Amino acid sequence: MDDYLDALFEHVRTLNPGEDVFHQAVHEVLESLGPALVKNPQYRDAGILERMIEPERQIVFRVPWIDDYGKVQVHRGYRVEYNSALGPYKGGLRFHPSVNISIVKFLGFEQIFKNSLTRQGIGGGKGGSNFDPHGKSDNEVMRFCQSFMTELYRHIGEYTDVPAGDIGVGAREIGYMFGQYKRLTNRYEAGVLTGKGLGWGGSLARTEATGYGTVLFAESMMHQHGEGFDGQRVVVSGSGNVAIYAIEKAQQLGATVVSFSDSSGYVVDEEGVDVDLLRQIKEVERGRVSDYVDHKSSAELVTGGSVWDVPCTVALPCATQNELDEAAARTLVNNGVKVVAEGANMPCTPEAVEIFQLAECLFAPGKAANAGGVATSALEMEQNASREQWSFDKAEAKLTKIMKTIHDECAETAEAYGQPGDYVLGANIAGFTRVADAMLAQGIV
Ligand code: NDP
């Protein structure tokens with residue numbers, strides 16, 4: 001990085017002490033932008049980056065609720081409305097005990113560039129709470145969601161800020177939050193939240209979109225080298241929404257997915273994952289990966305070590321940030337991995353990314369590879385606005401086209417900047433440029 005970018009990064013660290021993952025996300029973007037700023041000095045003159053790294057608005061609030069034993073519980077809620085140059089703030093809500101302002105800002109910052117890559121007129125935002133839905137009854141989750149929305153509703157709207165799901169927030173939580181929003185505002189404003197149920201404004205293919213999109217992005221990268229998923233041996237981390245549909249699409253394309261995980265361990269199934277069984281356990285029964293081995297004799301549960309110890313040619317990290325570190329990257333490379341595509345947000349540490357790039361693996365950063373989720377959320381907003389519901393095939397065809405366009409823009413941008421195959425640089429510069437141009441046109445706001 002040059003002196004200007006170094007100084008900017010120091011400023012971010014000083015102004016946001018202790019926010020390590022936020023620093024990491026900013027550093028990863030700044031590291032790529034040097035050549036774009038040399039080519040476009042107007043961005044520096046207009047203070048584009050100085051403004052882009054500062055969220056437009058940060059909302060932090062108390063979420064009190066009463067558990068099933070009558071005890072008062074208090075959690076903290078967040079919504080960071082990061083950048084609205086391209087459209088209403090758009091990004092998910094994460095409910096997980098680890099959630100803090102640093103995590104929400106890192107996710108919101110990433111979302112600016114991701115949403116820009118989709119070309120759908122959506123700005124960047126993110127939110128959540130340190131509430132953990134695991135082990136809570138449906139009634140407890142409902143009371144929490146209602147309390148969360150009782151504050152959040154005044155900040156959101158279909159033309160203002162449109163939240164969706166993320167870790168710990170699926171169709172159940174979106175349903176409870178939508179119900180409370182409707183009650184508080186007396187409006188059936190379907191476009192205020194995405195990830196809704198199919199009978200009340202949701203889009204077909206939204207559930208599948210992030211996982212499918214990640215695999216489609218990886219497939220586009222592989223096609224450039226005359227390869228495809230057919231015959232590949234794939235390892236996926238996580239067993240939530242993104243992981244399940246990444247597994248499904250990879251297997252539809254002819255790969256064998258041999259492993260998946262959760263925070264308690266990983267499962268190896270050399271026969272290939274039975275995705276219907278996994279979906280039943282995780283989505284219907286809300287079980288753990290350990291339940292899978294009780295139903296499938298070819299599967300083995302491993303509670304120590306890492307899912308990345310399992311040899312594969314394609315690795316799809318789909319759980320959480322910084323889950324794949326330098327040691328895991330070395331193991332994967334030594335075991336012959338050729339393609340790594342991030343289904344999760346920033347799952348690979350910077351050291352791991354460097355190892356993949358040095359080993360000339362095809363590496364897809366999350367802000368490009370997992371953009372299919374938010375892209376299909378924007379398609380859901382489009383259907384809500386026109387009061388239509390498209391078929392699964394129509395929504396999936398649009399998703400497929402969007403992922404191909406994102407892939408091609410990242411590849412072409414990397415090439416134009418003299419770094420062919422560097423999808424990190426391509427995604428960061430392409431995502432940044434569209435937002436920067438809009439900010440230039442809109443003046444100093
Ligand atoms: P889910 O809550 O559906 O699933 C998360 C999965 O990751 C679970 O299997 C969970 O296991 C596992 N996990 C979470 N934290 C850890 C941890 N610290 N160590 C090991 N495993 C962990 O979330 P999603 O599938 O929706 O999200 C996964 C990732 O994808 C996140 O990074 C999210 O930001 C990103 N993403 C999601 C999108 C979406 O549309 N849902 C869109 C774009 C990105 P356990 O149950 O044990 O915690």
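Because the structure is a prediction, the values reported are computed rather than measured.

This paragraph deals with the side chain of Glu81. Tracing the backbone through its elements, the reader meets Glu81 in strand S2 (residues 72–83). When sequence neighbours within four positions are dropped, the list of residues in contact with Glu81 reads Pro55, Glu56, Arg57, Ile59, Tyr89, Gly124, His155 and Asp161.

Another aspect to go through is the UniProt feature "site: Important for catalysis" (unreviewed entry) in the chain. Under the feature "site: Important for catalysis" (unreviewed entry), the UniProt entry names Asp166. Following the sequence through the fold, Asp166 ends up in the loop between strand S5 (161–164) and helix H7 (171–185). Residues contacting Asp166, with those up to four places away along its chain left out, are Gly92, Leu93, Arg94, Lys126 and Asn345. A polar atom in the side chain of Asp166 sits 2.6 Å from the side chain of Arg94.

Around the ligand, 24 residues are found, and the nearest of them are Asp166, Thr210, Ser263, Arg288 and Asn345. Between His134 and the ligand, the recorded distance is 3.0 Å, taken from a side-chain N or O atom to an oxygen atom. Side-chain polar atom of Asn345 to an oxygen atom of the ligand: 2.8 Å apart, as the coordinates give it. Protein burial of the ligand: of its 880 Å² of free accessible surface, 84% is covered by the chains. If you list the elements that add at least two residues to the shell around the ligand, you get helix H8 (206–223), helix H9 (241–252) and strand S7 (256–262). Looking at the shell around the ligand residue by residue, the class counts come to five nonpolar, 14 polar and five charged.

A word on a nonpolar patch on the surface. Together, Ile66, Val72 and Val74 make up an exposed nonpolar region whose accessible area comes to about 270 Å². Here Ile66 lies in strand S1 (residues 57–66).

What follows covers the packing of helix H6 (residues 138–152) against H7. Across the interface, H6 lies against H7 with an axial gap of 8 Å and an inter-helix angle of 45°. For the element pair H6 / H7, the angle class is oblique. Relative to H7, the crossing made by H6 is right-handed. In contact with Asp138, Val141, Met142, Cys145, Gln146, Phe148, Met149 and Thr150 of H6, H7 contributes Arg172, Glu173, Tyr176, Met177, Gln180, Tyr181 and Leu184.

Once that is clear, we can look at the sheet that holds S1. As a general point, the strands of a sheet are linked pairwise by backbone hydrogen bonds and lie either parallel or antiparallel. Judged by pairing direction, the sheet is mixed, and its five strands sit side by side in the order S1-S2-S4-S3-S5 without closing on themselves. Lying at the two open borders of the sheet, with one neighbouring strand each, are S1 and S5. This sheet shows a mean twist of 20° between the axes of neighbouring strands, independent of strand direction. For S2 and strand S4 (residues 123–129), the ladder comprises six bridges, and the chain directions are antiparallel. Looking at the pairing, Glu81 lines up with Gly125 of S4. Relative to S1, H6 is tilted by about 145°, and along the sheet it contacts S1, S2, strand S3 (89–95), S4 and S5.

Quick notes on the rules
Residues numbered from 1 in each chain as written. Predicted model: local features only at pLDDT ≥ 70, side-chain atom pairs only at ≥ 80, totals over all residues. Heavy atoms only, no water. Helix = DSSP H or I, 4+ residues; strand = E, 2+ residues; numbered from the N terminus. Contact = heavy atoms within 4.5 Å. UniProt positions renumbered as here; feature names shortened; annotations may be inferred. Polar contact = N/O pair within 3.5 Å; in protein donor to acceptor, adjacent residues only side chain to side chain. Near = heavy atom within 4 Å. Areas by Shrake-Rupley, 256 points an atom, 1.4 Å probe, with all protein chains shown as cover. Nonpolar A, V, L, I, M, F, W, Y, C, P; charged D, E, K, R; others polar. Patch = residues over 30% accessible without salt bridge, like charges linked within 9 Å, V, L, I, M, F, W, Y side chains within 5 Å. Salt bridge = Lys/Arg side-chain N within 4 Å of Asp/Glu carboxyl O. Axes fitted to C-alpha atoms, helices over the stretch in contact; angles between N-to-C directions. Parallel < 35°, antiparallel > 145°, perpendicular 65-115°, else oblique. Left-handed = near helix turned anticlockwise from the far one by under 90°. Pairing = 2+ DSSP bridges.

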